[in-house]
Amino acid sequence: QGKIDHLVVIEGTSQGHNEVIKKAFLKGRKPLCWIKNKLEMHQLNENVMLCVICDIELNYCSTIAKLLSPFSEAAQRCTIVTLQRLMDYKTEKVPEKTIVRSIQINPNFNDILQLEVPNFFTGVSASICTSKLKNDSDFSCFVIYLDIFDTVILNFLKRIGLRYDENISLETLNNKSNLYM
């Protein structure tokens, strides 16, 4: 395996969000490797790889991160995006729309606020970030809190260097209501 210019890792808890990512960015491409319904690694072009991860049990996150380490270590640039439910964002005011936060201060994204305490993230994304920090490697990590997959997210992914089919029609995902009666 040679050098990779850019590795993008997108981890979410919803299979529906991952399906939208596949439709928007992958256009029916076959993955290089996969774990059925959990992880897919794609070569977008000669220099960019995309890893889409869905709902990995926490017990397996460090093992999966270790399996992905040859890719993350070979990448000159690594961008990690984790998708969380909007209702998991902890704040005094109830959020009404998609929220994007950075894990560390990033001069290329100075308009994006840093993730506030007591908010946190877990999973393969956190394992990869830990490895990157430990090795003093360059990376960017973002947490996106959302209810539905919308153009805000597609535009953000475009901003980090992913190109998508702008003619794609985003269906409103039928996610379960977060209200209990």
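See the structure printed just above.
Residues numbered from 1 in each chain as written. Predicted model: local features only at pLDDT ≥ 70, side-chain atom pairs only at ≥ 80, totals over all residues. Heavy atoms only, no water.

Novice: In this structure, what is going on with the nonpolar core? I would like to understand it.
Specialist: One broad rule of soluble globular proteins: the nonpolar side chains tend to lie buried together. Ranked by internal contacts, the top residues of the largest apolar core, which has 31 residues, are Leu7, Ile53, Leu68, Ile80 and Val124. Those elements that place two or more of their residues in this core are strand E1 (4–12), strand E3 (39–43), strand E4 (48–54), helix H2 (61–74), strand E5 (75–85), helix H3 (124–134) and strand E7 (140–146). Tallying contributions element by element places H2 first for this core, with 6 residues. If near-sequence neighbours (up to four positions away) are discounted, Ile53 is found in contact with Val9, Ile10, Glu11, Gly12, Asn18, Lys38, Leu39, Leu68 and Val124. Counting residues in each nonpolar core, the second largest holds 27 residues, with Val20, Ile21, Val48 and Val81 among its members. (Core = buried A, V, L, I, M, F, W, Y, C linked by side-chain atoms within 4.5 Å. Buried < 20%, exposed > 50% of the residue type's maximum accessible area, 1.4 Å probe, protein only. Helix = DSSP H or I, 4+ residues; strand = E, 2+ residues; numbered from the N terminus. Contact = heavy atoms within 4.5 Å.)

Novice: Sorry, what's going on with the side chain of Thr98 here?
Specialist: With respect to the helices and strands, Thr98 occurs in the loop between E5 and strand E6 (99–102). With residues up to four places along the chain from it excluded, the contact list for Thr98 reads Ile144, Tyr145, Leu146, Ile148, Asp150, Val152 and Ile153.

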